[in-house]
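# What the coordinates show
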Amino acid sequence: ATHAPSPTATPLPVPTPTSAPPVNVGIACIFFDGVVPTSESDEYVEIVNSGSGTVDIAGWQLKDIADGTPTFQFPNISISPGDSDRVYTNEFHLESGGLTFGRGTSIWNNSTPDEAGLFDLTGSLVSSKSYPPGC
């Protein structure tokens, strides 16, 4: 009697998971000791893109996580590689992105250093920084 050969199982290729390139956007520094008395309207947090690709940060949030407030939500903007934007407490500087909390009192110049947190669209903490040193 002849026997038919048994089929051998051929393993299927396992797809290699692809991961998104790392996002290299973060808080560079906090200028916490402004020169405008009382309101500290000129204090700011500087956000920098140290990666190689442009990053859309629309909807991301910058928050004083030490105090839990205030929160700034980024408008429809992107940061190019090597560029930075500043989020001022209560001043508009178009040459630095034109971003502001629009707050009449200081955020970062408190008696105890605060911690700023940058959160992406999923609410994940991307970067955090305290002071000193400042910018």
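Look up a bit, the structure's there.
In short, a report on the structure. (Residues numbered from 1 in each chain as written. Predicted model: local features only at pLDDT ≥ 70, side-chain atom pairs only at ≥ 80, totals over all residues. Heavy atoms only, no water.)

Neighbouring strands of a sheet are bound in pairs by backbone hydrogen bonds; such pairs are parallel or else antiparallel. The strand order S5-S4-S9-S10 describes an open sheet built from four strands, whose pairing is antiparallel. With partners counted over all chains shown, the strands left at the sheet margins are strand S5 (71-73) and strand S10 (125-129), one partner each. Taken over all neighbouring pairs, the strand axes of this sheet differ in orientation by 15° on average, direction set aside. Where strand S4 (residues 61-64) and strand S9 (residues 116-119) come together, four bridges link them in antiparallel fashion. Opposite Asp-64, over in S9, you have Ala-116 as the bridge partner. (Pairing = 2+ DSSP bridges. Helix = DSSP H or I, 4+ residues; strand = E, 2+ residues; numbered from the N terminus. Axes fitted to C-alpha atoms, helices over the stretch in contact; angles between N-to-C directions.)

In this section: unusual backbone geometry. Of the consecutive residues Thr-69 and Pro-70, the connecting peptide bond is found in the cis state with omega at 0°. Position of Pro-70 among the secondary structure elements: in the loop between S4 and S5. The omega torsion across Tyr-131 and Pro-132 is -10°, close enough to zero to call that bond cis. The residue Pro-132 is located in the segment after S10 in this model. Backbone geometry at Thr-38 places phi at a positive 70°, although glycine is not the residue there. Looking at the element boundaries, Thr-38 is found in the loop between strand S1 (25-31) and strand S2 (44-49). Overall, the relative accessible area of 77% leaves Thr-38 in the exposed class. Positioned with a positive phi, Glu-40 is a non-glycine residue whose angle comes to about 55°. Tracing the backbone shows Glu-40 in the loop between S1 and S2. For Glu-40, a relative accessible area of 9% corresponds to the buried category. (Buried < 20%, exposed > 50% of the residue type's maximum accessible area, 1.4 Å probe, protein only.)

These values are about where atoms sit, not about what they do.
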